[in-house]
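Next come the chains, spelled out residue by residue.
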Amino acid sequence: MPITSRGMTWLGLSACAVIGAVGCAPQQPRNVPGAAYSGAKLNLGTTPSASDMSGYFSYPADGRGLPPGSGTYSAGEKVYQAKCLACHGDKLQGTKLGDRLIGGRGTLVNNNPAKPPAKTIESYWPYATTIFDYVKRAMPFNAPGSLKDDEVYAVIAYILGKANVIGKTEVINAKTLPEVKMPNRDGFTSHDPRPDVRSAD
Amino acid sequence: MKQQSKHSQYDDKLRQKIDAMVEAERRQKAGDGSTVPARMQGRRRFLAAAAATGGAGGMLPRIVHAKAPAGAVERNVPADPTKEQGVPTGDDGGYGSRSQFEAETRWRFDTATKESSWTMTPLEQSRGIITPSGLHFERHHGGIAVIDPARHTLVVHGMVEQPKKYSVADIRRFPSISRTMFIECSGNGLTEWSKPTLKTVQGTHGLTSTSEWTGVPLGLMLKEVGLKPGAKWVLAEGADAAVMTRSIPLDKCLDDALIAYGQNGEAIRPEQGYPMRLVLPGWEGNTHIKWLRRLEVSDVPFQTREETSKYTDLMADGTARQFTFVMEAKSVITFPSGEMKLPGPGFYEITGLAWSGRGRITRLEVSTDGGKNWADAHLQTPVLPICHTRFRFPWLWDGTPAVLQSRATDETGYVQPTIKQLVDVRGLNGPLGSIYHLNGIHSWAIATDGSVTNAHHF
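Asks: Before we go on, may I ask you to explain the environment of Gly440 of chain B in this structure?
Replies: Residue and element names in this part refer to chain B. Along the chain, the position of Gly440 falls in the loop between α7 (419–426) and β23 (443–446). Classification of Gly440 as buried rests on a count of 22 C-beta atoms within 10 Å. Leaving out residues up to four positions away in the same chain, Gly440 has contacts with Pro417, Thr418, Ile419 and Leu422.

Laid out in C-alpha cells, this is it:
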C-alpha cells in the first residue's frame, strides 16, 4: 500500500534525524524492515493533561492515592439500604443478583464436592482497599461509578462492621482503610506452582 | 443435590447457577440428538418442503418467511439453482453473511443479568482452527461497551518517564504485528470438576476461541514512554461499565503482550473490546482487558477485585493461588461429541482441538478405550504456538461401547493430566472444585446405539 510505504519512509528519515541529533550512528541500513523504528522514539501521542487523568484511579493495598473523605457504620447503613440492599439483601446475604458479602469464615478449608465454600468479603477478600476500588468503579450495578467517596467509605464501614472485622464506631478513611486486617489476609499464595501435575507415564 | 439447599443462600445461588447452565444448554440443544443440530435439521426439512412446493406448482419460487438464523439472510431457495439467476452481486450491501442453512450460535449462560454474563463457542461445528469473529466466546462484566473510536484514548502513565495519551489513530500508526492465537477463559469447564454436568462440547469447552489478532507490541509502547527503575507491574483498565482492571507483571508486557485492534482481518468486534483490547498470549482470558483505555505502571500489583475475590484458585486446605495466569495444555474431541449420535458402526474421523498457553502442541494422542491404549493423531500444519491446533484420527467403530479421550503434549514436555490428577493435587472445594484452570482429559462415552454423552472416566 502506497500510504504505508510512504509512512515508513518518513519514519525512517525521522528516526535517522533523531539518532543524528543525539550523536548516535545509525545502526541499521534504512532499507531493512524494522530499521525505521529501531531505537528511535516514534513521538506519537500527546502528554495527558491533569483533566485527562482526573477520572482515573486505582488503589493498591497500601492505600496510596486514596481520596479525602470518610464514612461510618451508621452513614453506611443508609447508603447500603438505598443503593445496595436490592441486590445484596437486607442481611448482606446475597440474592440471585448480587454476591453474598459477609459470613462464611471457616468454609474455605473443605474437600467436599457437595458443599461449596462461601467466598465473601468477610471470609475471602484479602484487602479492604479492594472494596473501595471496586465499589467506586463498578457499583451499584445499575449506576456504576455514581457513589461519592464519602459514600464508598461509609458503606465499607457498614459492611466490615456487619462482618465484625471492625467495630461499629470505627471511622473508615484513607488512613484507616489500608490498616484494616482482613480475616483472610494471609490466605493467598502468589507464586504459581504449576505445572503441579506430572504425567504418570 | 438436595443436601446443598440446607446450606446458606449463597450455596443456593451457586446451585441455581449450575441448574441454569444445564437448562440453558438443554434449551439450546433441544432435539433429536443426531450429529446435525435439531434446529438446523428442522430448517432443512422446512426449506426443502417449501422448495418442493414451489417447484411442483411450476410457479416462481416462493419467499420463505421463516426467520433466518443469526448472521444469515433469508433467501428464496429455487427448486433448481441452474435454471434462474442467483442473488444480485452486492445485494448484501458489501458485507457478506453466512448461509441461511447454518444455524450454530454462541449460547449464553442463563445468568441473573444479561450484562454480567458469558457465551460459549459452538466447537462441535468448528472446522480448522479459526473461530469466526461472530462465534468467539464472550465474557462481560458490565455489558458490551459501545465506543466511538474518535473519542477513545489510551493513557499510559505511572512509573514512566513520559506519560502519554494515544488516540486510536495514534495506536494504528505504531509498528504492528499479527499473531494467530487462542484466548481461553480460565473458567472454561468449571462445571466439570466433580462430575459430568453439561452435555455438549460447547458447554464443557466453549470458552476458548482462536483469532488472528493484529496490533501494537506493548513492549514497544512501554519503550516509547520509558520505564522508571522499580517498575514491576502494569494495571490494565477497560472502558466498560465494570471498568475492568487486572494487574499484569511487567515482564509479560515487555515479552509478547499486544494491544490488538484487528481481529481476523478487520477491526476487532465490539464484544471483543472495540476499538482495542489487551492480548496476553497464553494467559487466562480475564487478563486480556477489553475496551482498553488505561495502562498504569507500578511497583506493586493493585489487588483488584478480579485478581483477589475472583480468578484465584481455592485449594482444599483453604489457601488460594493468586496470579495463576498461564493456560496449561488442553485438548478436546469436537467430533464425535456430546448429544451427537453415530448412525451405526463404520468409519469416522475423530477430530478436535488442542492448545497450550506455553507454546506449540507437539503431540496429540487419542484413546477409544477410556485411556487404556493411546495412538498418535495427525496434527494439521502449520502448528502455531499458543494456538488452537486441529487434530484428526481415523477410527473404525465396531458398534461396542467406547470411551473417546484426547491427550495433548506441548513443547515444554507437559502432558495433559486427567481430571483426577488435578483433583488429587488441588482438592475438590465444592461442586465447582477450584473453579479455574481445569485442563483435564475429557471423555465422551459412545453407547451401542451410537449416542454420545459426557462422561468422567479416569
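Asks: Looking at this structure, how should I read the sheet that holds strand β9 (residues 245–249) of chain B?
Replies: Backbone hydrogen bonds are what pair the strands of a sheet, in a parallel or an antiparallel way. All names here are of chain B. Read from one edge of the open sheet, five strands run β5-β4-β13-β8-β9, paired in mixed fashion. The open sheet terminates on both sides in strands that have one partner only, identified here as β5 (164–167) and β9. Put simply, the sheet's adjacent strands are angled 15° from each other on average, direction ignored. As paired elements, strand β8 (residues 233–238) and β9 share five bridges and run antiparallel to each other. In the strand pairing of β9, Leu235 is matched with Ser247.

Asks: What is the right way to look at the sheet that holds strand β19 (residues 375–376) of chain B in this model?
Replies: Residue and element names in this part refer to chain B. On the basis of which strands lie adjacent, the open sheet formed by five strands has the order β19-β18-β22-β23-β24 and antiparallel pairing. Every other strand in the sheet has two partners, leaving β19 and β24 (452–455) as the edge strands with one partner each. As paired strands, strand β22 (residues 402–410) and β23 are joined by four bridges and run antiparallel to one another. From the neighbouring strand, Leu404 faces β23, where its bridge partner is Trp444.

Asks: So what exactly am I meant to see when it comes to the nonpolar core here?
Replies: Across soluble globular proteins, nonpolar side chains show a tendency to be buried alongside one another. The biggest cluster of nonpolar side chains holds 129 residues, and the ones touching the most others in it are Val155, Ile156 and Ile159 of chain A together with Val234 and Ile259 of chain B. When residues in this core are grouped by element, the largest group, nine residues, is from helix α6 (residues 149–162) of chain A. Beyond its immediate stretch of four places on either side in the chain, Ile156 of chain A contacts Gly71, Gly76, Ala128, Ile131, Phe132, Ile172 and Leu177 of chain A. In terms of nonpolar packing, the next biggest core, distinct from the first, is built from six residues, Trp118, Met120, Cys185 and Leu207 of chain B among them.

Asks: Which parts of the structure should I look at to understand the interface of chain A and chain B?
Replies: One frequently used descriptor of interface size is the decrease in accessible area upon assembly of the parts. Taken together, the contacts link 54 residues of chain A with 65 residues of chain B. When contributions to the side of chain A that touches chain B are tallied by element, the ones reaching two or more residues are α2 (50–53), α5 (128–138) and β3 (188–189) of chain A. Per element, the largest residue contribution to the side of chain A that touches chain B is six residues, and it comes from α5 of chain A. Class assignment of the residues belonging to the side of chain A that touches chain B gives a composition of 26 nonpolar, 16 polar and twelve charged. Strand direction decides the pairing type here: β3 of chain A and strand β15 (residues 320–321) of chain B, joined by two bridges, are parallel. Paired with Thr189 of chain A across the strands is Arg321 of chain B, a residue of β15 of chain B.

Asks: How should the environment of His141 of chain B be read in this particular structure?
Replies: Residue and element names in this part refer to chain B. Positionally, His141 belongs in the loop between β3 (138–140) and β4 (153–158). Sequence separation of His141 and Lys114 is 27 residues, and the distance between their C-alpha atoms is 9.3 Å. With sequence-adjacent residues up to four places away left out, His141 is seen in contact with Ser116, Ala242 and Met244.

Asks: Sorry, what's going on with helix α5 (residues 218–225) of chain B here?
Replies: In an α-helix, one turn spans 3.6 residues, which is why side chains three or four residues apart end up on the same side. All names here are of chain B. By the burial criterion, the buried members of α5 are Leu218, Met221, Leu222, Glu224 and Val225. In a view along the axis of α5, the buried residues occupy a sector of 150°, so they form one face of it. Tucked into the core, α5 has its buried residues touching β4, β5, β7 (208–217), α6 (250–255) and β10 (258–263). Once α5 ends, the next one or two residues include Gly226, with phi positive near 75°.

Asks: Explanation requested: the packing of α5 of chain A against α6 of chain A in the structure shown.
Replies: Residues and elements named next belong to chain A. Two elements in contact, α5 and α6, have axes whose closest approach is 10 Å; the angle formed by their N-to-C orientations is 130°. One element, α5, and the other, α6, form an angle in the oblique class. Two packed elements cross with a definite hand, and for α5 against α6 that hand is right-handed. From α5, Ala128, Ile131, Phe132, Val135 and Lys136 reach across to α6, where they touch Val152, Val155, Ile156 and Leu160. Split by residue class, the contact of α5 with α6 holds eight nonpolar, no polar and one charged.

Parameters and conventions
- Residues numbered from 1 in each chain as written.
- Chains lettered and ligands numbered in written order.
- Predicted model: local features only at pLDDT ≥ 70, side-chain atom pairs only at ≥ 80, totals over all residues.
- Helix = DSSP H or I, 4+ residues; strand = E, 2+ residues; numbered from the N terminus.
- Buried ≥ 20, exposed ≤ 12 C-beta atoms within 10 Å, placed from the backbone.
- Contact = placed C-beta atoms within 7 Å.
- Pairing = 2+ DSSP bridges.
- Axes fitted to C-alpha atoms, helices over the stretch in contact; angles between N-to-C directions.
- Core = buried A, V, L, I, M, F, W, Y, C linked by C-beta atoms within 7 Å.
- Nonpolar A, V, L, I, M, F, W, Y, C, P; charged D, E, K, R; others polar.
- Arc of directions from axis to C-beta.
- Parallel < 35°, antiparallel > 145°, perpendicular 65-115°, else oblique.
- Left-handed = near helix turned anticlockwise from the far one by under 90°.

Nothing here speaks to function; it is geometry throughout.
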